[in-house]
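An overview of the molecular structure
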Amino acid sequence: MAKACIKAIGADRIGMRLSPYGAFNGMVPDADMNVLYEKLTTELNKLGIAYVHIVDHSSMGAPPVSPELKDSIRKIFKGTYILSGGYDLNRANADLAANKGDLVAFGRPFISNPDLVEKLKTGTPLATPDMSTFYTPGEKGYTDY
Ligand SMILES: Cc1cc2nc3c(=O)[nH]c(=O)nc-3n(C[C@H](O)[C@H](O)[C@H](O)COP(=O)(O)O)c2cc1C
């Protein structure tokens, strides 16, 4: 799939999100998880895609992504490495300072704070996301914060 996308629009416009240890729809981590993702990252690196974006869903109830896997993906992949999952400003700055990744992505805080960047810059308290509106149709919980 990555190769087909590269052919269509170029490697510099392709990124891939990786969700190791995800538990969506009853998936469970298996013993080969780290080896599998290291192999995938090695191949993606060869293709020269722009970024790899990893999500640790432990803040949403999934098993944590092993720190060893996060570190080995960091070492293997030479493009931009984006971290995500349960970040606040302090943890994001700490992980960037420790060179664990190049960028940090925010999900739920952005849903409940469309002005998230401004709030983080000014230290304004964040609105709490209303989880009951996630994965539901309509504007409630998406455009009414
Ligand atoms: C309402 C909602 C929809 C999401 N949809 C997707 C999706 O389609 N694909 C995906 O990879 N992650 C999806 N996510 C996961 C987020 O991208 C993100 O990885 C997750 O919320 C953890 O980051 P956070 O702690 O900053 O929110 C979704 C999350 C929420 C709350």
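Residues numbered from 1 in each chain as written. Predicted model: local features only at pLDDT ≥ 70, side-chain atom pairs only at ≥ 80, totals over all residues.

Spatial strand order, β1-β2-β3-β4: four strands in an open sheet with parallel pairing. Bordering the open sheet on either side are β1 (15-18) and β4 (103-105), each of which pairs with just one other strand. Mean inter-strand twist for the sheet, computed between neighbouring axes without regard to direction, equals 25°. Two elements, strand β3 (residues 80-84) and β4, share three bridges in a ladder whose sense is parallel. Across the sheet, the residue bridging to Ser84 is Ala105, located in β4. (Pairing = 2+ DSSP bridges. Helix = DSSP H or I, 4+ residues; strand = E, 2+ residues; numbered from the N terminus. Axes fitted to C-alpha atoms, helices over the stretch in contact; angles between N-to-C directions.)

The next subject is the packing of helix α2 (residues 33-47) against helix α3 (residues 67-76). Taken N-terminus to C-terminus, the directions of α2 and α3 make an angle of 15°; their axes are 9 Å apart at the nearest point. One finds that α2 runs roughly parallel with respect to α3. Considering how the two elements wind past one another, α2 and α3 form a crossing that is right-handed. For the pair formed by α2 and α3, the contact residues are Asn34, Tyr37, Glu38, Thr41, Thr42 and Asn45 on the first element and Glu68, Leu69, Ser72, Ile73 and Ile76 on the second. In terms of residue class, the contact of α2 with α3 is made up of four nonpolar, five polar and two charged. (Parallel < 35°, antiparallel > 145°, perpendicular 65-115°, else oblique. Left-handed = near helix turned anticlockwise from the far one by under 90°. Contact = placed C-beta atoms within 7 Å. Nonpolar A, V, L, I, M, F, W, Y, C, P; charged D, E, K, R; others polar.)

This part takes up the environment of Asn99. Residue placement: Asn99 occurs in the loop between α4 (89-97) and β4. For Asn99, a count of 9 C-beta atoms within 10 Å gives the class exposed. Each C-alpha atom, one on Asn99 and one on Ile82, is 11 Å from the other, the two residues being 17 residues apart in sequence. (Buried ≥ 20, exposed ≤ 12 C-beta atoms within 10 Å, placed from the backbone.)

We now examine unusual backbone geometry. Of note, Asn25 is a non-glycine position whose phi angle comes to about 55°, a positive value. Along the chain, Asn25 falls in the loop between β1 and α2. For Asn99, which is not glycine, the phi dihedral falls at a positive 60°.

All quantities given are derived from atomic positions and should not be read as evidence of function.
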